[in-house]
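These are the residues of each chain, in order.
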Amino acid sequence: MKTIFLSLAVVCTFACTPDEMVDTPTGNWKKSDANPVLEKGEPYGFDFYAISDGWVIPHQGIYKMWYTGGGAVYPDTILHSSIGYATSADGIHWTKYADYPVLDVSLNAWDSLGVETVTVLIDSLAPAQSRYKLWYAGQTYNDYRYEIGYAYSEDGIHWTKHPEPVVQVGEQATWDNCFLEGPSVLKDGDTYKMWYAAYDCEVNGQSTDGKVNIGYATSTDGIIWTKHAGNPVLTTSPAAWDAVFVQDPHVVAYNGMYHLWYGGVDVEDNYQQQTGYAYSEDGIHWTKSSNNPVLKRGNSGSWDANTASFPSVIIEREQLKLWYTGKDVDPLPEWPAPYYWEIGYAEKTLISSSILD
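Our subject in this report is the structure included herewith. Fair warning: this is a prediction, and the values are worked out from it, not measured in the lab. (Residues numbered from 1 in each chain as written. Predicted model: local features only at pLDDT ≥ 70, side-chain atom pairs only at ≥ 80, totals over all residues. Heavy atoms only, no water.)

1. Details of the overall build of the protein chain
Helix and strand counts for the protein chain come out as zero helices and 22 strands. Residue burial in the protein chain is summarised as follows: out of 357 residues, 58% are buried. Sequence-distant contacts, at least 24 apart, represent 54% of the contacts inside the protein chain between residues at least 6 apart. (Helix = DSSP H or I, 4+ residues; strand = E, 2+ residues; numbered from the N terminus. Buried < 20%, exposed > 50% of the residue type's maximum accessible area, 1.4 Å probe, protein only. Contact = heavy atoms within 4.5 Å.)

What follows is the structure in structure tokens.
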């Protein structure tokens with residue numbers, strides 16, 4: 001059966017056996033000497049405070065990135081998150097689209113405080129006006145509650161939002177009762193498949209209490225979603241580097257398998273984030289790599305010494321390319337003292353039928 005995943009630069013035919021994907025790893029990720037490759041903007045712009053959560057798609061000979069910017073645009077003085085856009089010929093040297101966000105908060109709406117952590121796919125079968133599809137985490141002003149929204153566009157720049165969140169937090173006793181964020185969406189035939197992170201802030205004796213895990217949902221239109229009954233599908237690991245959070249998944253379909261990169265956090269590591277990898281035959285039952293974390297924080301004093309996470313991954317010509325968020329310190333110094341909170345790049349070469357970590 002031939003399945004086309006429209007958010008990727010590859011076409012996957014389900015013909016491989018699982019054993020073909022677990023050969024010896026091909027070596028470490030190489031971080032770019034040019035890092036960070038996308039930097040914060042000028043003071044008092046929409047991305048002057050932070051740049052993170054890049055989502056990259058190769059399209060028509062260029063790379064397109066949608067990213068979260070932290071800042072505020074005058075006369076709005078409230079610091080909030082919004083979505084910026086940038087393009088690149090090589091994935092390293094980027095040109096931002098003007099000095100304002102392409103997707104911003106909506107006043108007096110459910111996403112009035114922030115929009116962030118997007119996933120974008122280009123659906124060539126959709127009508128022109130909704131060719132670009134975007135899902136994002138939205139936050140209500142003065143509320144810690146995040147839910148997942150949807151927007152569509154003809155060009156990836158001018159977006160029309162769906163008026164209400166399309167995936168909402170669960171009931172009080174569920175694993176996803178507090179906030180949702182970091183969606184990753186593929187289109188498989190007529191089915192949209194989403195992996196997303198959720199926080200359980202209720203202490204009621206469940207294994208998910210106080211932790212962030214990853215769930216799965218499906219949809220036929222990208223708007224009405226059905227959560228998987230067995231959620232969460234990727235969970236924290238006790239006494240491990242990802243013992244508290246597994247979040248911000250990016251799922252790629254390749255060689256008959258699903259491949260997922262995610263951010264992991266352990267409280268004993270002072271909540272510093274790194275990137276892990278897992279693989280699956282069905283997108284529901286996942287095996288984490290024994291080499292995790294596969295993308296580690298930098299050495300002390302480096303720009304990504306605190307965080308190397310929130311991955312976006314593509315596969316091109318036997319090459320794995322990964323964009324990630326890096327920070328050097330946490331808590332941050334009082335602005336405008338210098339600090340890093342930007343986007344970096346790493347890559348590695350694939351060997352046929354090798355594991356992708």
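Next, the rest of the story.
2. Some remarks on the sheet that holds strand β20 (residues 307–316)
Spatially, the four strands line up as an open sheet ordered β3-β22-β21-β20, and their pairing is antiparallel. Lying at the two open borders of the sheet, with one neighbouring strand each, are β3 (30–31) and β20. Examined bridge by bridge, β3 and strand β22 (residues 341–349) share two bridges and lie antiparallel to one another. Across the sheet, Lys30 pairs through a bridge with Glu347, a residue of β22. (Pairing = 2+ DSSP bridges.)

3. Side note on the environment of Val73
Along the chain, Val73 falls in the loop between β5 (62–71) and β6 (80–88). Here the alpha-carbon distance between Val73 and Phe46, two residues 27 residues apart in the chain, equals 5.3 Å. Residue contacts for Val73: discarding those within four places in its chain leaves Tyr44, Gly45, Phe46 and Pro101.

4. Examining the pattern of salt bridges
Taken as a whole and assessed by the stated rule, the structure comprises 12 salt bridges. Residue Lys187 pairs with Asp123 through a salt bridge whose shortest N-O separation is 2.7 Å. Here Asp123 lies in the loop between β8 (114–122) and β9 (132–139) and Lys187 lies in strand β12 (residues 179–188), a separation of 64 residues in the sequence. This pair shows no difference in class: Lys187 is buried, exactly as Asp123 is. Counted as one network, the salt bridges with shared partners bring together Glu316, Arg317 and Lys321. (Salt bridge = Lys/Arg side-chain N within 4 Å of Asp/Glu carboxyl O.)

5. What about the packing of aromatic side chains?
This structure, assessed with the given rule, holds 32 aromatic pairs. Arranged with centres 5.3 Å apart and planes meeting at 40°, the rings of Trp135 and Tyr150 form a pair that is tilted. Of the two residues, Trp135 sits in strand β9 while Tyr150 sits in strand β10 (residues 146–153), which places them 15 residues apart along the sequence. The exposure class assigned to Trp135 is buried, which follows from its relative accessible area of 0%. On the basis of an interplanar angle of 70° and a centroid distance of 5.9 Å, the ring pair of Tyr146 and Phe179 is categorised as edge-to-face. Of this pair, Tyr146 sits in strand β10 while Phe179 sits in strand β12, and the two are 33 residues apart along the sequence. With relative accessibility at 16%, the residue Tyr146 sits in the buried group. (Phe/Tyr/Trp six-rings, centres within 6.5 Å; stacked < 30°, edge-to-face > 60°.)

6. Quick look at the state of the cysteines
Inspection of every chain in the model, using the stated rule, returns one disulfide. Two residues share a disulfide in this structure: Cys178 and Cys201, whose sulfurs sit 2.5 Å from each other. Judged by the sign of its S-S torsion, about 95°, the cystine formed by Cys178 and Cys201 is right-handed. In this pair, Cys178 is assigned in the loop between β11 (159–161) and β12 and Cys201 in the loop between β13 (191–199) and β14 (212–219), connecting sequence segments 23 residues apart. Cys201 sits in the partly exposed class, given a relative accessible area of 34%. (Disulfide = S-S within 2.5 Å.)

7. Examining the pairing of strand β17 (residues 257–265)
Burial analysis of β17 places nine of its nine residues in the buried class, which makes it a mostly covered element. For strand β16 (residues 245–254) and β17, the ladder comprises eight bridges, and the chain directions are antiparallel. If you follow Val251 over to β17, its bridge partner there is Leu260. Adjacent in sequence and paired antiparallel, β16 and β17 are bridged by two residues, among which Asn255 carries a positive phi angle near 55°. Note: β17 against strand β18 (residues 274–280), seven bridges, orientation antiparallel. Residue pairing across strands places Tyr262 opposite Gly276, the latter belonging to β18.

No statement about biological role is implied by the geometric values presented.
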